[in-house]
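Structural overview
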Amino acid sequence: MTAKEIRQAFLSFFESKQHHVVPSAPIVVKNDPTLMFTNAGMNQFKDLFLGEAAIKYARVADTQRCLRVSGKHNDLEEVGIDTYHHTMFEMLGNWSFGDYFKKDAIAWSWELLTEVYKIPKEKLYVTYFEGDEKECLEKDQEAYDLWKQYVDESHILPGNKKDNFWEMGDTGPCGPCSEIHVDCRTDEEKALVNGATLVNADHPQVIEIWNNVFMQFNRLKDGSLQSLPAKHVDTGMGFERLVRVLQEKSSNYDTDVFQPMIQFIAEKSGIKYGADEKTDIAMRVMADHIRAISFVIADGQLPSNNKAGYVIRRILRRAVRYAYTFLNFKEPFLNQLVPLLAEQFKGVFDELISQQDFVQKVVLEEEVSFLRTLSTGIQRFEKYQATNNTVEGNFAFELSDTFGFPIDLTELMAREKGWTVDLEAYEQALKKQKDDSRAATAIDTGDWVVVNADDQSEFVGYDDLEIETEILKYRKVKAKGKEQYQIVLRHTPFYAESGGQVGDTGRLEDHSRQFWVDITDTKKENGLTVHFADILPDNLEGKFWAVVDEDKRTLTEDNHSATHLLHAAMKQVLGSHVNQKGSLVNADYLRFDFSHFAKVTDEELAQIEVIVNQKIRQNIKLKEQRNVPYQDAIESGVTALFGEKYGDFVRMITFDDHFSKELCGGTHVKATGQIGSFKIISESAVAAGVRRIEAITADKAEQYFLDQRKELGHLKTLLNGSKDLSASVQALLDENAKLKKEIEKSTLERVSNLKHEIVHHVRGINGVNLIAKHIDLQSADAVKNLAFSLKDMIDNLFLVFTTEIDGKPGITVMLSDDLIKKGMNASNIVRELGKEIQGGGGGQPFYATAGGKNSAGLPNVLSKAESFIAV
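Predicted model, so just to flag it, every value in this text is computed and none were measured.

Residues other than glycine seldom take positive phi values, yet Cys136 does so here, at roughly 60 degrees. The topology assignment puts Cys136 in the loop between β4 (124-129) and α4 (141-147). Judged by relative accessible area, which is 69%, Cys136 ranks as exposed. With a phi close to 55 degrees, Asn627 is a non-glycine residue in the positive phi region. Relative to the helices and strands, Asn627 is located in strand β26 (residues 623-629).

See the structure below:
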């Protein structure tokens, strides 16, 4: 079976068991503060396990793109080294939300593996949870008894909490699990060692293939376990491992999931896969990493220097380093794998083929940038002087942190010079950085305290900005030394930050309206609307008025609706390739990131502005459609954003059926006329293939035009009421250019005169011709020209000039080549002299400058100059 056939067989099997097949959630997590990336198939269902969202389908199956390169589940350093770890992988899963439990989950997993995939039963081992006295958890006797119906008892093995009690993190849904392992060794190897002894022993050929998790607990902050509202099944089967088993390969990388890319790399590098372990690892790293890189970018996360963007940049640079070091790819190559990957996932994850050009260009730009950085780092290493043939740990860490060098590359370059690396000091520097990073981002979150029991809260803010409500639960959170409370309401008019729109603020008033707490922000967490407050109300159990800040909401809606109009106008002016890559919508302005590979010209920006303002003046009424079947919405031509998770039913926002029609959960104006006016204030580059427009609307746009009018009036006054400002300004520019030429001419004459004057003030000291003099020139370029002129005229020249330009003291040092050969260095000298004027500087060995704060120290500079050549 091919990989595609294997994947489809899984989905079809569970479809036949009345499971609803759902699409993969985006790999980038947006509404869960505990996760950056989807690292398990259950992530998108976390709110269902916790009872915080309504269950639409009791049985679900899917294939979920996952990423494990940070946090608790971190496989990055093993990727490419062994045969089965990956950065991005597919997790095939079947789920039960309060429906079937252990009996059916076990029966169906066995049926699929042995009857559909026809894996020999004797190859399979199963595990069950042996219990844990410390946690007061009993042995999972039910799972053991169920497995006895299908498996010989010698192949049913107990597992401890580490292996057979699945937890998503330090807190959250969890439960005992039952794993299925497959022994892929040869018959000869099996005869020598019993496979049961190799289960969960990290043997490369005895591997876990499926995990049946029986979700029944919620881990609280204090470590205790709380029973979930209902029992669920969460299963996961590693797709890449399954393909390896069914295609009878000894490595995941030998299957048709990876081999097309590996063979392409081998062909382009001229190195045969299988020829050498080092080059094999490099090819595996590249074939694996491009999958994670491409899908994360397609989901809307660009490489950057923080959070999720930093993680994906790190993965990309790791792939480029391997290609550079072991496969001799000195020019960008990784991006060439994107089309191959996109074609491979066509019909499975079509978001990649839809954005192939964009993803490839982003990867290319990152490669170009990193190869430049890598080259700079190598030059830095070549200039480094080791002490006692040892590379300091801090320097090795700097190469890693700043230039992206893995420690093994630094060790390789060190060995070539006969040096070693202080690995202990390197590890200390690395640990300090990680500890500092964790401390800076640490969030201490308490457990929820239930006030009024209810299944879930309801958002009513599309229709109401003030309602009567109750508090369902609250918890305390502490971040960066500040304590706050998070509150969940039974009904809420507060919009939670999502889709680029900021969260609402406002007040939670007691029923008498005499006392209130300020709501400082509203966010989503796993589908739950969470309100932030610095304090709690005195009486939590009473009735409250939830009141949204109407002015802020109105201005935010102006900018959000204007963003939709902007998006449509850009497609009209720039082309249909324009797609949103990020946005920010608040009360002050809107920021819109979009895919486009050239600077938007002033003429294009003007066209876009005209279209948007025309639509505003037309006062187009909002057409809002809620609970539209997703497929119906797509077929109607609606704009959907890559990287967003859409349910089976969506909300459509339309301003003119033939202009702007988007899927959107945000709040909007009732008619475009409310926006008032629209003005673009900037256009810039964000990353390769991504541009950014910032714009203002409503009162901010009005104030902008008033300020411009005021500035124009002031300019007219300065130009004596000129009616033709352009002509007047051009006349001033022409006059300024003329005066500059006259000054330059005068300065050149001054430099020429000074040159001949200074020649007569040369002092010979120990075979060196010293010039130490204060120069009255008001141009740094003129001082430089004078210094170079004197260098051409005088041998063995050591020149020190002091200056005071615009009230700021300066130093210039010039050395003849003869003196440089004798060990003198202008850059070192100017740094030392700079201390006299409370400043610093640098430059080249023959010419250097410094600036400072203390002009009173200039005479000391001249007197100190002689000390550098005195015996």
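This part is about the pairing of strand β27 (residues 649-655). Judged by how many residues are buried, β27 sits mostly within the fold: 6 of 7 residues are covered. With 5 bridges connecting them, β26 and β27 associate as antiparallel partners. When the sheet's bridge partners are listed, Glu624 is paired in β27 with Ile653. Alignment of β27 against strand β28 (residues 660-663), held across 4 bridges, turns out to be antiparallel. In the sheet register, Phe655 faces β28, and the bridge partner there is Ser660. In textbook terms, the turn of a hairpin is the stretch between consecutive antiparallel strands, and for β27 and β28 this stretch comprises 4 residues, one of which, Asp656, has a positive phi near 75 degrees.

With their axes 9 Å apart at the nearest point, helix α8 (residues 259-269) and helix α9 (residues 277-298) run at an angle of 125 degrees to one another. Classified by the interaxial angle, the pair formed by α8 and α9 is oblique. The interaxial crossing formed by α8 with α9 has right-handed handedness. Residues Met261, Ile262, Ile265, Ala266 and Ser269 of α8 pack against Met283, Arg284, Met286, Ala287, Ile290 and Arg291 of α9. Looking at the contact of α8 with α9, its residues break down into 8 nonpolar, 1 polar and 2 charged.

A few words on a negative patch on the surface. Taken together, Glu122, Asp187, Glu188 and Glu189 make up a surface patch of like negative charges. Assignment of secondary structure puts Glu189 in helix α6 (residues 187-192).

On to the sheet that holds strand β33 (residues 797-805). With mixed pairing, 6 strands are arranged side by side in an open sheet as β31-β32-β33-β34-β36-β35. Of all the strands in the sheet, just β31 (763-765) and β35 (840-843) have a single pairing partner and so form its edges. Mean inter-strand twist for the sheet, computed between neighbouring axes without regard to direction, equals 20 degrees. In this sheet, β33 lies alongside strand β32 (residues 768-774) in parallel orientation, the contact comprising 6 bridges. Looking at the pairing, Leu770 lines up with Phe798 of β33. This element, helix α24 (residues 826-834), spans β33, β34 (808-815), β35 and β36 (847-851) of the sheet and lies at about 150 degrees to β34.

Before going further, it helps to examine empty space enclosed by the protein. Per the stated rule, a full pass over the model turns up 1 cavity of 30 Å³ or more. Approximately 60 Å³ is the volume attributed to the largest cavity. In terms of lining, the largest cavity is formed by Met286, Ala319, Val320, Ala323, Tyr324, Phe329, Glu331, Pro332, Phe333, Leu334, Glu367 and Leu371. For the lining of the largest cavity, the elements supplying multiple residues, two or more each, are α10 (307-326) and α13 (356-383). Considering each element in turn, the lining of the largest cavity owes the most residues, 4 residues, to α10. Partitioning the lining of the largest cavity into residue classes produces 10 nonpolar, no polar and 2 charged.

Take the environment of Arg831 next. Looking at the secondary structure, you find Arg831 in helix α24. A relative accessible area of 40% places Arg831 in the partly exposed class. Arg831 sits 286 residues away from Trp545 along the chain, and the two C-alpha atoms are 66 Å apart. Among the polar contacts listed, one links the side chain of Arg831 to the side chain of Asn828, at a separation of 2.9 Å.

So, about the state of the cysteines. Counted according to the given criterion, the structure contains 0 disulfides. Here Cys184 stays unpaired: no disulfide links it, and the sulfur of Cys177, its closest cysteine neighbor, is 20 Å away.

A few words on the nonpolar core. Nonpolar side chains tend to gather and get buried jointly when the protein is soluble and globular. Ranked by size, the top nonpolar core spans 117 residues in total, and within it Tyr117, Met237 and Leu334 carry the most contacts. At 13 residues, α9 tops the list of elements feeding residues into this core. Those residues within four positions of Leu334 in sequence are excluded, and the remaining contacts are Met286, Ile290, Ile293, Leu316, Ala319, Val320, Val363 and Glu367. In this structure, Met570, Val612, Ile653 and Ile693 belong to the second largest nonpolar core, which totals 29 residues.

Further remarks concern the side chain of Glu366. Considering the arrangement of structural elements, one finds Glu366 in helix α13. Beyond its immediate chain neighbours, meaning those up to four positions away, Glu366 contacts Pro303, Arg313 and Leu316.

Applying the stated criterion across every chain yields a total of 31 aromatic pairs. For the pair Tyr322 and Phe326, a centre-to-centre distance of 5.6 Å together with 35 degrees between the ring planes defines the contact as tilted. In this pair, Tyr322 and Phe326 are both assigned in helix α10, 4 residues apart and thus about one turn of the helix distant. In this structure Tyr322 comes out as buried when scored by relative accessible area, which is 12%. Looking at Phe326, the relative accessible area reads 26%, which means it is partly exposed. Seen in terms of ring centroids, Phe329 and Phe333 are 4.1 Å apart; in terms of plane orientation they differ by 0 degrees. Their pairing is stacked. The burial state of Phe329 is the same as that of Phe333; both residues are buried. Directly above the aromatic system of Trp516 lies the positively charged group of Arg507, at a separation of 3.9 Å from the ring centroid.

Inspection of the secondary structure assignment puts Glu541 in the loop between β22 (528-533) and β23 (544-548). Residues Glu541 and Leu472, spaced 69 residues apart in sequence, show a C-alpha to C-alpha distance of 8.7 Å. Aside from chain neighbours lying at most four places away, what touches Glu541 is Val451 and Asn452.

Calculation rules
- Residues numbered from 1 in each chain as written.
- Predicted model: local features only at pLDDT ≥ 70, side-chain atom pairs only at ≥ 80, totals over all residues.
- Heavy atoms only, no water.
- Helix = DSSP H or I, 4+ residues; strand = E, 2+ residues; numbered from the N terminus.
- Buried < 20%, exposed > 50% of the residue type's maximum accessible area, 1.4 Å probe, protein only.
- Pairing = 2+ DSSP bridges.
- Axes fitted to C-alpha atoms, helices over the stretch in contact; angles between N-to-C directions.
- Parallel < 35°, antiparallel > 145°, perpendicular 65-115°, else oblique.
- Left-handed = near helix turned anticlockwise from the far one by under 90°.
- Contact = heavy atoms within 4.5 Å.
- Nonpolar A, V, L, I, M, F, W, Y, C, P; charged D, E, K, R; others polar.
- Patch = residues over 30% accessible without salt bridge, like charges linked within 9 Å, V, L, I, M, F, W, Y side chains within 5 Å.
- Areas by Shrake-Rupley, 256 points an atom, 1.4 Å probe, with all protein chains shown as cover.
- Salt bridge = Lys/Arg side-chain N within 4 Å of Asp/Glu carboxyl O.
- Lys, Arg positive; Asp, Glu negative; His and termini not counted.
- Charge placed at Lys NZ, Arg CZ, Asp CG, Glu CD.
- 1 Å grid on protein atoms, 1.4 Å probe; cavity = no way out; pocket = protein on both sides within 12 Å on 5 of 7 lines; lining within 4 Å.
- Points joined across faces, edges and corners; volume = space filled by probe spheres on them.
- Polar contact = N/O pair within 3.5 Å; in protein donor to acceptor, adjacent residues only side chain to side chain.
- Disulfide = S-S within 2.5 Å.
- Core = buried A, V, L, I, M, F, W, Y, C linked by side-chain atoms within 4.5 Å.
- Phe/Tyr/Trp six-rings, centres within 6.5 Å; stacked < 30°, edge-to-face > 60°.
- Lys NZ or Arg CZ within 6 Å of the ring centre and 35° of its normal.

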